[in-house]
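# Working through the structure, step by step
Below are the chains, spelled out letter by letter.
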2 protein chains.
Amino acid sequence: MDTLHIAQQARPLPDGFLDALAARFGERCSTAQAVREHHGRDESPYPVMPPDAVVYARDVDEVAWVARHCHDHGIALIPYGAGSSLEGHLLAVQGGVCLDLSGMDRIVAVHAEDFTATVQAGVTRKQLNEALRDTGLFFPIDPGADASLGGMAATRASGTNAVRYGTMRENVMSLKVVTADGRVIETASRARKSSAGYDLTRLFVGSEGTLGIIVEVTVRLYPQPEAVSAAICNFPDLDAAVQSVIEVIQMGVPVARIEFMDAHAVRATNRYSHLSLRESPLLLFEFHGSPASVREQAESVQAIAREHGGQDFQWADRPEDRSRLWTARHNAYFAGLQLRPGCRSSTTDVCVPISRLAECVGETARELDQASFPYTIVGHVGDGNFHVLMLLDPDDPDEWAESERLNQRLVARAIAMQGTCTGEHGVGLHKQAFMRAEHGQDALDVMAALKAALDPRNVLNPGKILPPAA
Amino acid sequence: MDTLHIAQQARPLPDGFLDALAARFGERCSTAQAVREHHGRDESPYPVMPPDAVVYARDVDEVAWVARHCHDHGIALIPYGAGSSLEGHLLAVQGGVCLDLSGMDRIVAVHAEDFTATVQAGVTRKQLNEALRDTGLFFPIDPGADASLGGMAATRASGTNAVRYGTMRENVMSLKVVTADGRVIETASRARKSSAGYDLTRLFVGSEGTLGIIVEVTVRLYPQPEAVSAAICNFPDLDAAVQSVIEVIQMGVPVARIEFMDAHAVRATNRYSHLSLRESPLLLFEFHGSPASVREQAESVQAIAREHGGQDFQWADRPEDRSRLWTARHNAYFAGLQLRPGCRSSTTDVCVPISRLAECVGETARELDQASFPYTIVGHVGDGNFHVLMLLDPDDPDEWAESERLNQRLVARAIAMQGTCTGEHGVGLHKQAFMRAEHGQDALDVMAALKAALDPRNVLNPGKILPPAA
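Everything numeric here is computed off the predicted structure, so don't read it as measured data.

About the cut-offs
Residues numbered from 1 in each chain as written. Chains lettered and ligands numbered in written order. Predicted model: local features only at pLDDT ≥ 70, side-chain atom pairs only at ≥ 80, totals over all residues. Heavy atoms only, no water. Contact = heavy atoms within 4.5 Å. Buried area = accessible area lost by both parts, 1.4 Å probe. Salt bridge = Lys/Arg side-chain N within 4 Å of Asp/Glu carboxyl O. Helix = DSSP H or I, 4+ residues; strand = E, 2+ residues; numbered from the N terminus. Nonpolar A, V, L, I, M, F, W, Y, C, P; charged D, E, K, R; others polar. Axes fitted to C-alpha atoms, helices over the stretch in contact; angles between N-to-C directions. Parallel < 35°, antiparallel > 145°, perpendicular 65-115°, else oblique. Left-handed = near helix turned anticlockwise from the far one by under 90°. Pairing = 2+ DSSP bridges. Buried < 20%, exposed > 50% of the residue type's maximum accessible area, 1.4 Å probe, protein only. Lys, Arg positive; Asp, Glu negative; His and termini not counted. Polar contact = N/O pair within 3.5 Å; in protein donor to acceptor, adjacent residues only side chain to side chain. Domains from an automatic or database assignment. Expected span 1.5 Å × (residues − 1). Arc of directions from axis to C-beta.

Turning to the interface of chain B and chain A, a few remarks are in order. Listed by partner, the interface residues are 77 residues for chain B and 77 residues for chain A. Surface buried jointly by chain B and chain A totals about 6,300 Å² across both partners, of which 56% is contributed by carbon and sulfur atoms. On the surface where chain B and chain A come into contact, there are six salt bridges. The salt bridge partner of D383 of chain A is R192 of chain B, with a shortest N-O separation of 3.2 Å. Breaking the side of chain B that touches chain A down by element, the ones donating at least two residues are α6 (162–165), α7 (168–171), β9 (184–186), α8 (200–204), α9 (238–251), α11 (291–307), α16 (435–439) and α17 (441–454) of chain B. In terms of residue count, the dominant contributor to the side of chain B that touches chain A is α17 of chain B (ten residues). Partitioned by chemical class, the residues of the side of chain B that touches chain A number 30 nonpolar, 27 polar and 20 charged.

Structure below.
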């Protein structure tokens, strides 16, 4: 379990540091233990590591003030959205201030005619889609959790719709960012494309709070599809399901979602969501488009599935049926936890080129079948991305050590296949050990130079993304 | 004409600097005046500014060697692809070495099953598509010129297909880059998505040779569409054409290309390409998809065009007809030049949110109608991006000064509309003066910090992108 134990090394707070915060923010600055502990963890398996104080910001000026205060005193500053990250992103490994942005939840502007919306960082994806309901538009990125847009940008999130609509990388048009020393910049205009200088937007997307604090996000929107249809298809085995995915992608069928669940995940979902899905590997599809295009896509996909022994499609055409299906898919994480009452989970994600997906998932499943604990595999397989959820006895260090070994083997396998150690969860603490193997030391040095250039005092979410020097 | 006159300030070459190059590269190092002059210009209106030497590199090791040599001696180094840039990107404002990468023209790998290709920087887009011919795949980015993939990545190029397939920003998956001091890095894996650290790929895309030397490019490929259809539609006036574009985009019709030509451009094209198009503002469309989807798209677009007084579509269904049409469109630049024999051109591009496109194009045309020289407007209007070609008497400084004033007013108009000073041409020298207005000083300072971090001796294409300190 050692890889999951990191000692907190809090920086000493200068005299008067907390008093100044309290004087500026009053009740919106808290040092209560419960509040600090709530902000000193995420959905990762790490033990809590609380910050010294939590500040609830209401506007950009307040964020800039806190940034300057921390920068001037060399104190760590961790931006906090919805707390739904998975790899230890939010742990206060060097103590300091956690800046809770959930109160910055204003929809700043919707430009329906340009297919863009600008929101404050604390707005969640569900809140945004609720606000868009009457415009005929929607924001497609859907990582499962009702994450904040600021957090989704910071982790380069994606999820079930990415195979059709892309990830936060493709869908963030511009950001308002507070720099380490409290300056406020806009990273781009609202033009759909630009060649005017360095791509600051993409630099901050995925930077996990280590290069700047995202306070506003302008995203691309899409027309609500005229027709939507969803279906489930069961397969005799994992390989048949994954091979079908590969062929669908290689045929260029523009599916909106193509999700994989292994038999364990289906079983867990049946129990948790009171469904009666056949408990063999399955794919969930969703098709968006005109009625004719949706029909055409569905026909192409059914033909491919049949060739691989797929059962007949079970359709979910009514919105409420689709909603039930996707809720069940999104609850696969919680459903998995119920497979082993009292367990804690360790979750991981990798992404490989689609041509290697069957091999990568297959080898992984064969290894996990030998493990001493239960697991599930689900994935956004249209992108070559899948997740493993390992269900562990919180008090058994051997199980944790075993899960860490399996995670390491999985990541090594993905990197050897020209893939990545994380498709969408981010690096946080838990994937740092793989950064060198994936990128090489020279590329890591370039990343470290960028970090030093934008945050010379190393105050922004220190200890994340970049591994300690070799 | 003063804004176009920049004095070359060549750095003094240390003793033996050129001798070492000559010893290493033999005949592939040239100081011949003709070779230097050929490499000291691009398609911009600037006078030639030759480098001190031109080196023709054959592989990554050679590029790294030259980078180290220039870095050690603090001499400027300018990567050179096809020479087709438009804003002065290639001018040796501080002298130094021009590194010609056109000989690095090997297709390194085509992974058809993953829809990716890896090519050396000197491979041109036509060469790549030729190599892909039998795979059923194609690379869509098409800036008109047969540019090198390295150059297209470096300028964040796009062109006619971007409305459907995106720009180099979306379609470069990974780069091999030689750093200022001669290290070689890969910016990403071949996974379709990743959250593993800072987005180095997007940092180098659009950096115009100022942050590193792109030596290898991995791009996304797409299935050749099952059905393709193209059509021309004339409109009574500019506004009707542009309003139609806006509605097509807002309807979410997935057109592959939607190009605008004003009446002047049509007239020039008729003469140059021996066509008999009606000489009023027109739109060129191309539709990609299944036969049913192409039909559906075409019907939606025709309905919109009719509402705005569009004439009947003239279809180009045979590949040779489409090819003639797009060749004519791509030759619009050369065709424009023929409108005024003996002229030189100044070209510019801006990009605005689509809701402001009609206003921006309209105001621009009204101003240009008052100019003392001819002009044409063409554009990738589905993205809100358009170009102005101004045809100037090379010996009349008043015309050049007037064209600069009009360019400045156009860019100011685009920025005021939340647009950008360049949609796809890049900054080079000619758009530097607008960087502060577009990004603000604080964002420029962030860009300058990135440049200083990755190129501390300022050897990589110095004097480009970032304006001199205020």
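All names here are of chain B. Where α9 contacts helix α14 (residues 357–369), the axes come no closer than 9 Å and their chain directions differ by 155°. Classified by the angle between their axes, α9 and α14 sit roughly antiparallel to one another. The hand of the α9/α14 crossing is right-handed. Between α9 and α14, the contacting residues are L238, D239, V242, Q243 and I246 on the first element and L357, A358, V361, G362 and A365 on the second. Residue classes in the contact of α9 with α14 are distributed as seven nonpolar, two polar and one charged.

All names here are of chain B. With antiparallel pairing, the seven strands of this open sheet are ordered in space as β15-β12-β14-β13-β17-β18-β16. Sheet topology places β15 (314–316) and β16 (344–351) at the edges, where each strand pairs with a single neighbour. Taking each pair of neighbouring strands and ignoring which way they run, the sheet shows an average axis angle of 15°. Pairing between β16 and strand β18 (residues 385–392): eight bridges, direction antiparallel. From the neighbouring strand, C351 faces β18, where its bridge partner is N385.

All names here are of chain A. Relative to the elements of secondary structure, R322 occurs in helix α12 (residues 319–330). Buried and without a salt bridge, R322 has E286 as its closest oppositely charged side chain, separated by 4.2 Å. A distance of 3.3 Å separates a polar side-chain atom of R322 from the backbone oxygen of V228.

Residue and element names in this part refer to chain A. By domain assignment, chain A separates into domain 1 (2–100), domain 2 (107–223), domain 3 (227–333) and domain 4 (340–416). Each of domain 3 and domain 4 has a C-alpha centre, and the two are 22 Å apart. Here domain 3 and domain 4 share six residue pairs in polar contact (both at pLDDT 80 or more) between them. For the side of domain 3 that touches domain 4, the elements supplying multiple residues, two or more each, are α9 (238–250), β13 (257–261), α10 (263–273) and α13 (332–338). Of the residues forming the side of domain 3 that touches domain 4, the biggest block, eight residues, is contributed by α9.

Residue and element names in this part refer to chain A. In a regular helix each residue adds 1.5 Å, so 17 residues correspond to 24 Å; helix α11 (residues 291–307) covers 25 Å between its end C-alpha atoms and thus fits that length. Along α11, the residues that are buried comprise S293, V294, Q297, A298, V301, Q302, I304 and A305. In an axial view of α11, the angular spread of the buried residues amounts to 165°, which keeps them on one side of the axis. Exposed and facing more than 90 degrees away from the buried side of α11 are R295, E299, R306 and E307. Positive phi shows up at G309, right after α11, with a value of about 80°.

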